[in-house]
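For reference, the chains in residue letters:
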There are 2 protein chains.
Amino acid sequence: MNQRTFALKGNICCSETSSSLSISENSYVICEDGLCAGVFPFLPEKYRGIPCMDTKDCLIIPGLTDLHLHAPQYGYRATGMDLELLDWLNTITFPQEARYRDLEFAEKAYSIFAEDLKKTPNTRACIFATLHVPATELLMDLMDKTGMKTMVGKVNMDRNGTPQLQEESAAASACDTVKWIEDTLDKYENVKPILTPRFTPSCSDKLMELLSEIQKKYNLPLQSHLSENYGEIEWVKELCPNTSFYGEAYDQFGLFGGSCPTIMAHCVHSCEEEIQLMKKRGVYIAHCPQSNTNLASGIAPVRKYLDEGLHIGLGSDVAGGTNASIFRAMTDAIQVSKLRWRLVDSSLKPLTLEEAFYMATEGGGAFFGKVGNFKKGYEFDAVILDDCNLSSPLDFSVKDRLERLIYLSDDRNIKGKFTAGNKVL
Amino acid sequence: MNQRTFALKGNICCSETSSSLSISENSYVICEDGLCAGVFPFLPEKYRGIPCMDTKDCLIIPGLTDLHLHAPQYGYRATGMDLELLDWLNTITFPQEARYRDLEFAEKAYSIFAEDLKKTPNTRACIFATLHVPATELLMDLMDKTGMKTMVGKVNMDRNGTPQLQEESAAASACDTVKWIEDTLDKYENVKPILTPRFTPSCSDKLMELLSEIQKKYNLPLQSHLSENYGEIEWVKELCPNTSFYGEAYDQFGLFGGSCPTIMAHCVHSCEEEIQLMKKRGVYIAHCPQSNTNLASGIAPVRKYLDEGLHIGLGSDVAGGTNASIFRAMTDAIQVSKLRWRLVDSSLKPLTLEEAFYMATEGGGAFFGKVGNFKKGYEFDAVILDDCNLSSPLDFSVKDRLERLIYLSDDRNIKGKFTAGNKVL
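Just so it is clear, the structure is predicted and the values come from calculations on it, not from any experiment.

All right, on to the relation of the copies chain B and chain A then. Mapping between the two chain copies consists of a rotation about an axis together with a translation along that axis. Superposition of chain B onto chain A requires a rotation of 180 degrees combined with a translation of 0.0 Å along the rotation axis, giving an RMSD of 0.0 Å. Here the transformation between the copies is reduced to the relation of a two-fold axis. Among all residues of chain B, the one whose C-alpha sits closest to the rotation axis is L343 of chain B, at a distance of 3.7 Å. A shared binding surface is used by both copies, with 98% of the interface residues of chain B retained as interface residues in chain A.

Here's what the structure looks like:
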């Protein structure tokens with residue numbers, strides 16, 4: 001037995017199904033060589049003698065997965081929140097991302113980002129960097145040291161950027177991408193590269209073709225954006241007159257799921273054909289409710305995606321979203337689903353706490369494999385939560401305590417965090 | 001000069017108009033005997049020698065006003081968030097409020113409430129207690145000690161409650177109300193009673209008549225609920241067949257503004273006649289965006305209320321809302337206004353940061369008089385905000401720093417708080 005074999009004792013909460021919780025009070029969850037061996041009311045005979053951390057009355061939940069965020073945007077989150085997507089990209093985001101050409105600036109910014117991410121209840125994340133290879137590798141170095149498991153993408157963008165933020169040509173973008181993959185594919189214990197064409201308006205057909213070849217050669221996952229905003233969708237129609245919906249702009253190059261795991265962020269305004277193609281190709285949807293609200297994009301029909309059985313997890317989408325904690329994404333997802341039900345379509349019922357919990361844990365975690373639950377054989381991602389500062393005269397059930405922590409907690413409530421059995425906090 | 005005469009030095013932000021900010025960097029704001037004497041780039045000759053607190057690079061803003069919250073609901077905020085208004089009242093709220101018959105329980109609960117409220121950026125609040133006179137007076141004792149300025153209401157409800165939570169008759173309710181007013185009208189430095197008929201479904205016509213007499217006699221302000229939820233509005237129609245809209249159910253008894261300042265919480269679904277009557281009567285609207293979202297009530301047309309020139313401030317509506325800080329109500333107000341613009345009515349533009357700031361400060365503060373600004377003669381309510389833990393590699397303008405504090409801060413960022421010149425924190 002090694003140091004990645006131990007037990008945690010406390011009130012253990014995880015998903016039973018995608019719409020129900022399993023709560024084991026005053027129980028043990030076992031990590032055996034980085035994998036979960038299960039939840040037990042008593043420490044089983046075979047584990048007697050392993051280190052056991054008694055969290056007393058704390059709650060223990062699986063780590064949360066952030067399926068979509070932009071590391072270079074973290075520094076200016078919560079500023080300029082009065083703009084829509086395309087204006088926001090041009091006036092704030094692109095000029096700021098251009099600064100990551102400067103490695104000194106990148107180190108300052110990404111060090112803060114990595115430190116702050118450690119303090120969240122998130123244990124996994126899929127992260128956009130910028131188009132710059134050196135800064136992206138620096139970010140990967142820093143994220144590796146956090147102990148969190150992440151996928152990080154050097155961004156591809158060879159059109160519709162700014163003179164300061166655009167790659168010279170499709171060939172140059174592909175060349176940089178290959179260099180970056182070769183540098184990083186096997187370099188890290190905790191970080192892997194993920195192909196990251198920014199979105200269709202930023203990538204020429206030629207670049208998409210080259211990325212498709214690269215994906216086939218290296219068998220890499222991919223992340224991008226889809227059907228976030230009406231203006232964006234119209235623009236894609238103009239740019240790709242041969243396609244009948246946005247998703248086809250990726251699919252025509254084989255960059256829309258299938259054999260390589262793929263995340264599409266947002267899917268606020270996906271048409272029926274797009275939804276069916278995502279289902280067929282096994283695309284993961286990153287639902288980013290706060291960003292979709294801040295940028296006035298709309299509210300994604302998450303109930304429909306769940307009913308259709310699509311893969312769906314949550315994203316903070318920093319800096320479209322201002323808060324990096326996926327707890328906030330959970331409550332935002334519930335809240336906007338209630339508004340959508342009330343204002344847009346009363347046939348799609350609001351999300352429940354249990355469903356938001358599932359999306360935040362196993363729903364998004366599945367992109368990383370067996371992640372986001374305490375079932376036997378799952379990678380051991382766990383967060384220890386102490387609610388003693390959330391004073392109340394009432395005696396709450398563990399379920400109520402979990403709901404309060406999700407709505408009210410901050411970094412002060414996190415008393416420990418493990419990713420794949422390694423202590424992060 | 002007394003101890004309520006002093007200066008604060010820092011970056012001073014307040015509303016210039018209802019849609020613009022006045023920002024004075026590295027300046028002085030003067031408190032003279034509890035009133036604001038103005039903002040100055042240098043300490044004027046006449047104030048040389050008064051105590052001056054140099055906050056270094058902190059931001060200094062007027063205190064925020066919470067126009068609507070329920071003290072007895074604070075203990076169970078962020079639980080049972082999957083219910084709509086009327087179900088939530090019956091299954092959670094009414095049984096919990098009934099417990100405030102027990103003074104020992106009330107003391108435990110209200111002590112936590114008062115302590116936690118001190119830690120928010122709010123300096124003023126209009127608070128619902130329960131129907132119980134002793135517990136309400138206990139709450140007033142505790143709130144008085146915080147140094148915040150508040151109005152607290154013993155709730156009236158003589159119908160449609162539960163056996164455990166309803167007054168015996170209109171007469172008994174009125175009798176208790178008079179006793180409570182006589183006890184508290186001149187008792188406190190910082191707390192005043194406010195008439196609080198829960199809402200029309202809870203108050204018989206007879207009770208409303210008696211409250212109207214009481215209001216005339218004591219010249220008291222009043223707070224209640226209005227047009228929050230479709231089911232509630234339908235119910236009021238049934239209960240008051242002689243009225244053509246909800247607001248008339250109060251107005252027919254003279255309990256809808258006019259000579260006595262009146263707050264109506266929510267106004268999510270107010271019809272045009274109701275809006276015009278609120279304008280005519282000078283009713284204050286307490287906009288409670290998080291509560292209206294959590295209880296799936298909808299989104300109030302705040303832009304319309306601002307354009308019409310109605311009085312409007314913000315409310316946390318704990319526990320329909322989970323967060324007591326009015327910073328959260330500000331960002332929620334902006335966010336839901338964007339969704340309303342996108343999903344319901346593109347003629348009503350989203351709220352700006354400046355407008356949300358105005359509603360949180362002077363908009364709601366005006367219910368207390370000259371409150372919520374640093375203009376000469378305003379009561380000196382101020383909050384000192386330190387953003388040094390919100391790390392970023394960027395240099396921000398004071399406006400950007402203010403936006404970040406509004407979106408990202410918590411109690412750790414509040415370095416000082418004054419109400420009417422008295423130090424609260």
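Residues and elements named next belong to chain A. Taking strand neighbours across the sheet as the criterion, the seven strands line up as 3-2-1-4-15-16-17 in an open arrangement whose pairing is mixed. In this open sheet, the two edge strands, each paired with only one partner strand, are strand 3 (35–40) and strand 17 (422–423). Bridging between strand 1 (residues 6–17) and strand 4 (residues 52–62) involves five bridges; their strand directions are parallel. The residue of strand 4 that forms the bridge with L8 is M53. On the sheet, helix 12 (residues 353–365) packs against strand 1, strand 2 (20–32) and strand 4 and is oriented at approximately 115 degrees with respect to strand 1.

Looking now at the layout of surface pockets. Roughly 1500 Å³ of volume is contained in the largest pocket. As for the largest pocket, its lining consists of 49 residues, of which S409 and D410 of chain A together with S409, D410 and R412 of chain B are closest to the centre. If you list the elements that add at least two residues to the lining of the largest pocket, you get helix 11 (326–343) and helix 13 (398–408) of chain A together with helix 11 (326–343) and helix 13 (398–408) of chain B.

Attention now goes to the packing of aromatic side chains. Applying the stated criterion across every chain, the model contains 22 aromatic pairs over all chains. On the basis of an interplanar angle of 75 degrees and a centroid distance of 5.6 Å, the ring pair of Y74 of chain A and F113 of chain A is categorised as edge-to-face. On the criterion of sequence distance, the pair formed by Y74 of chain A in the loop between strand 5 (64–70) and helix 1 (85–98) and F113 of chain A in helix 2 (residues 103–118) is long-range, its members being 39 residues apart. On the basis of relative accessible area, F113 of chain A is assigned to the buried category, the value being 0%. Ring centres of F367 of chain B and F368 of chain B lie 6.3 Å apart, and the angle between their planes is 80 degrees; this geometry places the pair in the edge-to-face category. In this structure, F367 of chain B and F368 of chain B share a single accessibility class: buried. By way of ring pairs, the aromatic residues F6, F374, F380 and F418 of chain A are connected into one cluster. Across the ring face of F105 of chain A, the terminal group of R99 of chain A is positioned such that the distance to the ring centre comes to 4.1 Å.

Quick notes on the rules
- Every chain's residues receive numbers from 1 upward, in the order its sequence appears when written.
- The order in which chains are written sets their letters, starting at A; the order in which ligands are written sets their numbers, starting at 1.
- With pLDDT at 70 or above as the cut-off, local features in this predicted model cover only qualifying residues; side-chain atom pairs require 80 or more to be listed or tallied, and sums for whole chains, interfaces and linings still use all residues.
- Side-chain figures throughout are based on the complete set of non-hydrogen atoms in the structure, without hydrogens or water.
- Copy-to-copy superposition: least squares on the C-alpha atoms, limited to residues that have pLDDT of at least 70 in both copies.
- Residues count as neighbours in contact if any of their non-hydrogen atoms are within 4.5 Å of one another.
- Pairs of strands are assigned from DSSP output, requiring at least two bridges between the strands.
- In this text, helices come from DSSP runs of H or I with a minimum length of four residues, and strands from runs of E with a minimum of two, each type numbered from the N-terminal end.
- Lines fitted to C-alpha atoms define the axes, with helix axes restricted to the stretch in contact, and inter-axis angles between N-to-C directions lie between 0 and 180 degrees.
- A cavity here means a set of 1 Å grid points, computed over protein atoms only, where a 1.4 Å probe fits but cannot escape. A pocket is an open set with protein on both sides within 12 Å along at least 5 of 7 lines, and lining residues have an atom within 4 Å of a point.
- Grid points are joined across faces, edges and corners, and a volume is the space filled by probe spheres set on the points.
- Put simply, two rings from Phe, Tyr or Trp (the six-membered ring, in Trp's case) pair if the centres are within 6.5 Å, and we call them stacked under 30 degrees between planes, edge-to-face over 60, tilted for the rest.
- Summary of the burial criterion: residues with accessible area below 20% of their type's maximum are buried, those above 50% are exposed, and those between are partly exposed, where the area comes from a 1.4 Å probe applied to protein chains only.
- We call a charge positioned above a ring when the Lys NZ or Arg CZ atom is no farther than 6 Å from the ring centre and deviates by at most 35 degrees from the ring normal.

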